[in-house]
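Listed below, chain by chain, are the residues.
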Amino acid sequence: MAVALPAAVTSAYERLAGEFDKLSTTQKYAVGIAGGVTSLYLLAKVLKGSDRDKPTTLQLSGGSIDASKVKTEFDAYADSYGKNAGEGITDRSKTVHLVDVFYSLVTDIYEWGWGQSFHFSPKLPNKDLKASEAAHEARIAALLRLQPGQKALDCGCGVGGPMRTVAAVSGAHVTGITINQYQVDRAKSHNARQGLAPLTDVVRGDFTNMPFKENTFDGAYAIEATCHAPKLEQVYGEIYRVLKPGSYFVSYEWVSTNKYDANNAEHVKIMDEINFGNGLPEMRTWKEAEDAGKNVGFELVMSLDLATASVVAGPWYERLRMGKYTHAINHGIVSTVDALGLAPKGLKEVHHMLVEVAKSLIHGGESGIFTPMHLLLFRKPGADKKK
Ligand SMILES: C=C(CC[C@@H](C)[C@H]1CC[C@H]2C3=CC[C@H]4[C@H](C)[C@@H](O)CC[C@]4(C)[C@H]3CC[C@]12C)C(C)C
Ligand SMILES: C[S@@+](CC[C@H](N)C(=O)[O-])C[C@H]1O[C@@H](n2cnc3c(N)ncnc32)[C@H](O)[C@@H]1O
């Protein structure tokens with residue numbers, strides 16, 4: 001069926017065609033080339049999207065790692081895990097470097113398929129995932145009793161999802177530290193775009209050796225990050241040092257629960273998979289984490305597994321379980337761009353690692369042997385006691 005175009009459109013087209021006919025051959029070529037370039041530019045924009053919010057499939061990169069080195073770096077990362085059950089990273093002195101590599105490899109994929117907050121949250125009744133995530137982050141500001149004008153530290157800040165919530169709900173200034181330069185750049189760009197620049201700062205550094213003076217911060221927190229430290233005492237000790245006396249430190253820790261049995265081969269296998277797919281040197285027990293805080297001088301104020309604390313909240317791993325089919329589709333997409341040479345070589349393998357670790361995390365959650373949210377609230381003793 002022929003479709004009649006509106007008269008205004010046909011007359012405008014005829015006028016343009018008339019004008020085009022009047023041009024010299026050189027001018028016609030120039031118009032043709034300009035048209036071609038503009039179309040290519042628009043096509044590239046559509047395919048590539050913009051980097052305002054999250055990367056598109058064609059923007060998936062190796063973070064701070066050059067595209068040509070993604071495969072080599074991923075292979076080296078994979079080789080750093082021992083083959084024996086429960087071994088984790090064999091040479092622990094390489095942990096910090098390997099974690100930096102890990103985040104270069106996964107940061108774009110995380111943002112692409114999860115969002116700007118790299119953590120889990122209990123699903124609150126009648127609240128969507130975003131609201132549940134924000135509540136999990138806002139709890140931190142409340143526990144730290146943060147106030148406008150105060151200074152807080154986000155230890156292992158990722159691309160800054162939580163720091164933006166903590167700064168926005170409390171009015172306090174939040175400095176984030178991450179080992180990965182690509183995350184620093186992403187976090188700063190999100191902070192600026194979302195109007196959070198005046199209340200935030202992001203630095204690249206190692207949280208086991210931080211570039212801050214002692215007694216600097218009024219509160220500190222770590223969301224699913226200190227699990228990457230070669231030894232928990234190293235990072236907790238540094239946090240203790242930079243906190244003002246009387247201030248609080250809260251962590252959501254990745255730990256094994258009382259249900260974990262180190263003599264059960266299936267349990268050990270799940271933990272090994274979780275360690276490998278998440279850049280962890282090893283898995284600690286919740287008791288080891290408590291003790292590490294006390295060992296560096298903190299008073300323990302609260303210790304609670306948020307995965308089981310509320311009988312009405314949905315499990316943290318439900319979002320992963322729901323995403324099972326999406327992960328498979330995503331793998332098809334990443335494999336396609338890989339085959340077309342439109343993604344850095346090696347990104348497909350990284351994505352495969354994440355598809356597999358999603359299954360292990362679900363197993364860890366369903367069996368109850370693992371939690372990514374054991375809440376530990378510590379206080380640095382001292383004269384400036386906060387109530
Ligand atoms: C605290 C850490 C990270 C926790 C989570 C944010 C991430 C753990 C596993 C990740 C993912 C698994 C599957 C991916 C999927 C295959 C892909 O298509 C899209 C991204 C995933 C959903 C990805 C997202 C982030 C996680 C849920 C650790 C590292 C200490
Ligand atoms: C799972 S991400 C969590 C990010 C953030 N807390 C969130 O919830 O969105 C872990 C973070 O810890 C950081 N990290 C791991 N080891 C680190 C180290 N030695 N020094 C500084 N940051 C580190 C990583 O770079 C990453 O930003």
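What counts and what doesn't
- Residues numbered from 1 in each chain as written.
- Chains lettered and ligands numbered in written order.
- Predicted model: local features only at pLDDT ≥ 70, side-chain atom pairs only at ≥ 80, totals over all residues.
- Heavy atoms only, no water.
- UniProt positions renumbered as here; feature names shortened; annotations may be inferred.
- Salt bridge = Lys/Arg side-chain N within 4 Å of Asp/Glu carboxyl O.
- Helix = DSSP H or I, 4+ residues; strand = E, 2+ residues; numbered from the N terminus.
- Buried < 20%, exposed > 50% of the residue type's maximum accessible area, 1.4 Å probe, protein only.
- Lys, Arg positive; Asp, Glu negative; His and termini not counted.
- Polar contact = N/O pair within 3.5 Å; in protein donor to acceptor, adjacent residues only side chain to side chain.
- Contact = heavy atoms within 4.5 Å.
- Near = heavy atom within 4 Å.
- Areas by Shrake-Rupley, 256 points an atom, 1.4 Å probe, with all protein chains shown as cover.
- Nonpolar A, V, L, I, M, F, W, Y, C, P; charged D, E, K, R; others polar.
- Expected span 1.5 Å × (residues − 1).

- The name given to the protein chain in an unreviewed UniProt entry is Methyltransferase, with Chlamydomonas schloesseri as the source organism.
- In its Pathway (unreviewed entry) section, the UniProt entry covering the protein chain states "Steroid biosynthesis; sterol biosynthesis."
- You can read under Subcellular location (unreviewed entry) in the UniProt record for the protein chain the words "Microsome membrane".

**Let's talk about the pattern of salt bridges**
Move 1: One pass over the full model with this rule turns up 18 salt bridges.
Move 2: Between E133 and R319 there is a salt bridge; the shortest N-O distance is 3.7 Å. Here the residue E133 occupies a position in helix α5 (residues 129-143), and R319 occupies one in helix α12 (residues 318-322), the gap between them amounting to 186 residues.
Move 3: Its relative accessible area of 7% is what places E133 among the buried residues.
Move 4: Between D218 and K244 there is a salt bridge whose closest N-O contact spans 2.9 Å. Taken as a pair, D218 in strand β4 (residues 217-223) and K244 in strand β5 (residues 243-256) lie far apart in primary sequence, 26 residues in all.

**Comments concerning the side chain of E224**
Move 1: Relative to the helices and strands, E224 resides in the loop between β4 and α8 (232-242).
Move 2: R139 is the oppositely charged side chain nearest to the buried, salt-bridge-free E224, at an N-O distance of 9.4 Å.
Move 3: Of note is the side chain of E224, whose polar atom sits 2.9 Å from the backbone nitrogen of F120.
Move 4: Beyond its immediate stretch of four places on either side in the chain, E224 contacts F118, H119, F120, Y252, W254 and P372.

**With respect to the site of ligand 2**
Move 1: Close to ligand 2 lie 20 residues; F118, G156, T178, Q183 and F207 are nearest.
Move 2: Between ligand 2 and the protein, one listed contact pairs an oxygen atom with a side-chain N or O atom of T178 at 2.8 Å.
Move 3: A total of 590 Å² of accessible area belongs to ligand 2 in isolation, and the protein chains cover 98% of it.
Move 4: Its residues assigned to classes, the shell around ligand 2 shows 10 nonpolar, eight polar and two charged.

**What to know about helix α9 (residues 265-278)**
Move 1: With 14 residues, α9 should cover 20 Å at 1.5 Å per step; its first-to-last C-alpha distance of 20 Å lies within 8% of that length.
Move 2: The complete set of buried residues in α9 reads H267, V268, I270, M271, D272, I274, N275, G277 and N278.
Move 3: Lining the buried residues of α9 we find α3 (70-79), α4 (95-113), β5, α14 (347-367) and β8 (370-379).
Move 4: If you check the start of α9, you find a side-chain oxygen 2.9 Å away from the backbone N of E266, and it comes from N264.
Move 5: Phi turns positive, to about 70°, at G279, one or two residues after α9.

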